[in-house]
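# Architecture and fold: a report
As a plain string of letters, each chain reads:
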Amino acid sequence: MEGKLDFSLPEKKQKNAITNLIIIVLLLILIGLSAANMDLSPVTDNHAPDGASYSLSAEQTKQLAGKLAQRNLHIRAANVWKDYLTAGKLNDTEHARTLFQIGTLLEKANLYDQAIEYFYRSEIVAELGELKPQINAHIRNCFERLGKFSALRYELMDRTSLEAAPAAG
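Rules of the game
Residues numbered from 1 in each chain as written. Predicted model: local features only at pLDDT ≥ 70, side-chain atom pairs only at ≥ 80, totals over all residues. Heavy atoms only, no water. Helix = DSSP H or I, 4+ residues; strand = E, 2+ residues; numbered from the N terminus. Buried < 20%, exposed > 50% of the residue type's maximum accessible area, 1.4 Å probe, protein only. Contact = heavy atoms within 4.5 Å. Areas by Shrake-Rupley, 256 points an atom, 1.4 Å probe, with all protein chains shown as cover. Core = buried A, V, L, I, M, F, W, Y, C linked by side-chain atoms within 4.5 Å. Patch = residues over 30% accessible without salt bridge, like charges linked within 9 Å, V, L, I, M, F, W, Y side chains within 5 Å. Salt bridge = Lys/Arg side-chain N within 4 Å of Asp/Glu carboxyl O. Phe/Tyr/Trp six-rings, centres within 6.5 Å; stacked < 30°, edge-to-face > 60°. Axes fitted to C-alpha atoms, helices over the stretch in contact; angles between N-to-C directions. Parallel < 35°, antiparallel > 145°, perpendicular 65-115°, else oblique. Left-handed = near helix turned anticlockwise from the far one by under 90°. Nonpolar A, V, L, I, M, F, W, Y, C, P; charged D, E, K, R; others polar.

## What to know about the overall build of the protein
Of the regular secondary structure elements, the protein holds 7 helices and 0 strands. Starting at the N terminus, the α and β elements of the protein follow one another as α-α-α-α-α-α-α. Buried positions account for 22% of the 169 residues belonging to the protein. Pairs at least 24 apart in sequence give 44% of the contacts found in the protein among residues at least 6 apart. As displayed, the protein has an accessible area near 13100 Å², and 58% of this comes from carbon and sulfur atoms.

Laid out in structure tokens, this is it:
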């Protein structure tokens, strides 16, 4: 038990110079191939349109949006309606109805804050008597779903006020 402890390290083995040279050459080749691969790889354009939406007529775009909405693809349908807005020259009435349609689709997709924006846009573009009660109901529903009851109260005050006054809130 009286043996002494040996704390010495084993001697380092000498590597062959040829092995080191081969490793360096292989690493340089790997770096060169990686750089060549990055240069030759195709660049994807993230700004390219989704596909055939620009090649459809206005009526075909409406049909596509309707089909998507029927299949409960509300966000995609709203995007197609947005394409319809940008593609066609619409009168104010049709523009307001399309904005209202986008708002209802966004509401169905539970994107209430975006839906409120499109309902407001619809009101600003054209005051349509047949849409006014529907817009009021949808905006109320969206604020309730968002849990923004103070904003809803101000909205109701603005919409039900008899006299023209500055906006509440």
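## Topic: the nonpolar core
One recurring pattern in soluble globular proteins: nonpolar side chains tend to sit buried together. In terms of nonpolar packing, the biggest core is built from 28 residues, with Trp81, Ile102, Leu105, Leu106, Phe119, Ile135 and Cys142 touching the most fellow members. Residues contacting Cys142, with those up to four places away along its chain left out, are Glu107, Tyr112, Ala115, Ile116 and Phe119.

## Observations concerning a nonpolar patch on the surface
There is a patch of nonpolar side chains on the surface, built from Ile18, Leu21, Ile22, Val25, Leu26, Ile29 and Leu33 and spanning about 680 Å² of accessible area. For Ile29, the position within the fold is in helix H1 (residues 17-40). For Ile29, a relative accessible area of 46% corresponds to the partly exposed category.

## Some words on the pattern of salt bridges
Following the criterion strictly, the structure yields 5 salt bridges and no others. When the shortest N-O distance is used, the salt bridge between Glu94 and Lys62 registers 3.9 Å. Here Glu94, found in helix H4 (residues 92-108), pairs with Lys62, found in helix H2 (residues 58-70); they are 32 residues apart in sequence, far enough to count as distant. Of the residues examined, Glu94 reaches a relative accessible area of 24% and is grouped as partly exposed. Under the relative-accessibility criterion, Lys62 is labelled partly exposed at 27%. A salt bridge links Arg97 to Glu130; the shortest N-O distance between them is 2.4 Å. In this pair, Arg97 sits in helix H4 while Glu130 sits in the loop between helix H5 (112-125) and helix H6 (132-146), placing the two residues 33 residues apart along the sequence.

## A look at the packing of aromatic side chains
Going through the model one piece at a time under the given rule, you end up with 2 aromatic pairs. Their ring planes at 85 degrees and their centres at 5.5 Å tell us that Trp81 and Tyr84 sit as a pair that is edge-to-face. Here Trp81 pairs with Tyr84, and both are found in helix H3 (residues 74-87), just 3 residues apart, close to one helical turn. Each of the two residues, Trp81 as well as Tyr84, counts as buried. Plain terms: the ring middles of Phe100 and Phe119 are 5.6 Å apart, the flat faces sit at 50 degrees to each other, and that makes the pair tilted. In this pair, Phe100 sits in helix H4 while Phe119 sits in helix H5, placing the two residues 19 residues apart along the sequence. With respect to class, Phe100 is no different from Phe119; both count as buried.

## Notes on the packing of H4 against H6
Where H4 contacts H6, the axes come no closer than 11 Å and their chain directions differ by 30 degrees. If you check the angle between H4 and H6, you find them roughly parallel. H4 and H6 meet at a crossing whose hand is left-handed. Contacts from Phe100, Thr104 and Glu107 in H4 reach Gln134, Ile135, His138, Asn141 and Cys142 in H6. When its residues are assigned to classes, the contact of H4 with H6 shows 3 nonpolar, 4 polar and 1 charged.

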